[in-house]
Amino acid sequence: DQRFITMFLDEAKLAATLNHQNIAQVYEVDQADGAYFMAMEYVHGENARAILETTLRRGWTIPLELAVMIVGGAAAGLHHAHERRGKNGQPLNIVHRDVSPANIMVGFDGRVKVLDFGIAKAEERATKTVGGTIKGKYGYMSPEQCKGHPLDRRSDIFALGIVLYELTTLRRAFKGNDDFETMKRIVAGDVVRPTVAVPGYPPELEAIVLTAMATEPSARFQTAQELVEALDTFTV
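Residues numbered from 1 in each chain as written. Predicted model: local features only at pLDDT ≥ 70, side-chain atom pairs only at ≥ 80, totals over all residues. Heavy atoms only, no water.

S.K.: Explain the packing of aromatic side chains here, please?
M.R.: The geometry of an aromatic ring pair is captured by two quantities: the separation of the ring centres and the angle between the planes. A full pass over the atoms with the stated rule returns one aromatic pair. Taking the centre distance of 6.1 Å and the plane angle of 15° together, the rings of Phe158 and Phe174 count as stacked. With a gap of 16 residues between them, Phe158 in helix H5 (residues 153-169) and Phe174 in the loop between H5 and helix H6 (179-188) connect regions that are remote in the sequence. For Phe158, a relative accessible area of 1% puts it in the buried group. A residue is classified by how much of its surface remains accessible, and Phe174, at 2% relative accessible area, is buried. The residue whose ring lies beneath Arg3 is Phe4, and the NZ or CZ to ring-centre distance is 5.3 Å. (Phe/Tyr/Trp six-rings, centres within 6.5 Å; stacked < 30°, edge-to-face > 60°. Helix = DSSP H or I, 4+ residues; strand = E, 2+ residues; numbered from the N terminus. Buried < 20%, exposed > 50% of the residue type's maximum accessible area, 1.4 Å probe, protein only. Lys NZ or Arg CZ within 6 Å of the ring centre and 35° of its normal.)

Here it is in structure tokens:
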């Protein structure tokens, strides 16, 4: 399917322009025997989804400093992507669109890497996403993504807020009985506050989580760097 090949090459070329310690590096894009492939850095570790599932299964908790480190690293990588400019200095306006625990790798050496800019929106892409088509994992979409509205970097910040919520409360933020109910809850901002979900949850961290997950984009952190700085301040 030529359209998928074009999309794949778009993704690969886009990912190859990103060079940051918190993004899994793409080394090569090529084809062999008629099959296209992308060679990426191998991250020896587990994704945050696996970490969450193991934690729940064993009745553990994730120390706050680790949760903050994971989300802070992912935010730093996303900020690099959001700020990326093209050959002529024009902003590429990259939006990952699929930020979720499954796409955040934690290496056994402690490094955090964002994966899979597979459905990222960037101005340079040859295959424009069909308007109103919803792409992404339903539980981690922003309200504007659920509604099929135009997205900018603040959509990724909302998704990161959900990841931070889940790593620190061990609860799904908006999980409904089906995808539609989940999306309705996201659009309505229907979430149990972390301080209610977890006794003794730090109010300062709750403020960061709820700012990242604000229903209105204008009420969120406006850049992923602002989220990094808020998390740093909290950690100190």
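S.K.: I would appreciate a short explanation of the nonpolar core in the present structure.
M.R.: Generally speaking, nonpolar side chains in soluble globular proteins are found buried as a group. Ranked by size, the top nonpolar core spans 50 residues in total, and within it Phe117 and Leu160 carry the most contacts. Residue assignment for this core shows that the elements contributing at least two residues are helix H2 (48-58), helix H3 (64-83), strand E4 (104-107), strand E5 (112-114), H5, H6, helix H8 (203-212) and helix H9 (224-235). Among the elements that make up this core, the one with the highest residue count is H5 (nine residues). If near-sequence neighbours (up to four positions away) are discounted, Leu160 is found in contact with Val71, Ala74, Ala75, Leu78, Val99, Ile104 and Leu227. (Core = buried A, V, L, I, M, F, W, Y, C linked by side-chain atoms within 4.5 Å. Contact = heavy atoms within 4.5 Å.)

S.K.: Explanation requested: empty space enclosed by the protein in the structure shown.
M.R.: In this approach the atoms are scanned with a rolling probe the size of a water molecule, which exposes any empty space left behind. Using the criterion set out here, one finds two cavities of 30 Å³ or more in the structure. Approximately 50 Å³ is the volume found for the largest cavity. Forming the boundary of the largest cavity are Arg97, Asp98, Val99, Lys137, Tyr140, Met141, Gln145, Ser155, Asp156 and Ala159. The residue inventory of the lining of the largest cavity, partitioned by class, reads four nonpolar, two polar and four charged. Surrounding the second largest cavity, Glu11, Ala15, Ile23, Ala24, Val26, Met38, Met40, Val114, Leu115, Asp116 and Phe117 form its lining. (1 Å grid on protein atoms, 1.4 Å probe; cavity = no way out; pocket = protein on both sides within 12 Å on 5 of 7 lines; lining within 4 Å. Points joined across faces, edges and corners; volume = space filled by probe spheres on them. Nonpolar A, V, L, I, M, F, W, Y, C, P; charged D, E, K, R; others polar.)

S.K.: Explanation requested: H6 in the structure shown.
M.R.: One turn of an α-helix holds 3.6 residues; hence residues three or four places apart share an orientation. Turning to H6, its buried residues are Thr182, Met183, Arg185 and Ile186. Projected onto a plane normal to the axis of H6, the buried residues spread over an arc of 160° and lie on a single side. In H6, the exposed positions that point more than 90 degrees away from the buried face belong to Phe180, Lys184 and Ala188. In this structure, the buried side of H6 is in contact with helix H4 (143-146) and H5. Remark: Gly189 follows H6 within two positions and exhibits a positive phi of approximately 70°. (Arc of directions from axis to C-beta.)

S.K.: Got a minute to help me understand the environment of Gly176 in this structure?
M.R.: Within the secondary structure, Gly176 sits in the loop between H5 and H6. Residue classification places Gly176 among the buried residues on the basis of a relative accessible area of 10%. It is 8.7 Å that separates the C-alpha atoms of Gly176 and Gly139, two residues lying 37 residues apart in sequence. If sequence neighbours within four positions are ignored, Gly176 has contacts with Glu181, Thr182 and Arg185.

S.K.: Quick question: what am I supposed to make of the packing of H5 against H8 here?
M.R.: Packed helices, taken two at a time, are described by the angle between their axes plus the distance between the axes. Where H5 contacts H8, the two axes come as close as 7 Å, and the packing angle between them is 145°. Once H5 is placed against H8, the crossing between them reads as left-handed. Across the interface between the two elements, Ile157, Phe158, Gly161, Leu164, Tyr165 and Thr168 from H5 touch Leu205, Ile208, Val209 and Ala212 from H8. Broken down by class, the residue content of the contact of H5 with H8 amounts to eight nonpolar, two polar and no charged. (Axes fitted to C-alpha atoms, helices over the stretch in contact; angles between N-to-C directions. Left-handed = near helix turned anticlockwise from the far one by under 90°.)

S.K.: Help me out: how do you make sense of the side chain of Glu206 in this one?
M.R.: Looking at where Glu206 falls in the secondary structure, it is placed in helix H8. The class for Glu206 is buried, based on a relative accessible area of 6%. In terms of polar contacts, Glu206 uses its side chain to reach the side chain of Arg193, at 3.1 Å. (Polar contact = N/O pair within 3.5 Å; in protein donor to acceptor, adjacent residues only side chain to side chain.)

S.K.: So what exactly am I meant to see when it comes to the pairing of strand E2 (residues 35-40) here?
M.R.: In regular strands, side chains alternate between the two faces of the sheet. One ladder, built from six bridges, connects strand E1 (residues 26-32) with E2; its direction is antiparallel. Along E2, the bridge assignment pairs Val29 with Met38. Here E1 folds back onto E2, and the loop between the two strands holds two residues, one of which, Asp33, carries a positive phi near 50°. (Pairing = 2+ DSSP bridges.)

S.K.: Is there a simple way to think about the environment of Arg172 in this case?
M.R.: Turning to its location among the elements, Arg172 is positioned in the loop between H5 and H6. Judged by relative accessible area, which is 37%, Arg172 ranks as partly exposed. With 59 residues separating them along the chain, Arg172 and Lys113 place their C-alpha atoms 22 Å apart. Polar contacts involving the side chain of Arg172 include one to the side chain of Glu166, which spans 3.2 Å.

Scope: geometric values only; no functional claims are made or implied.
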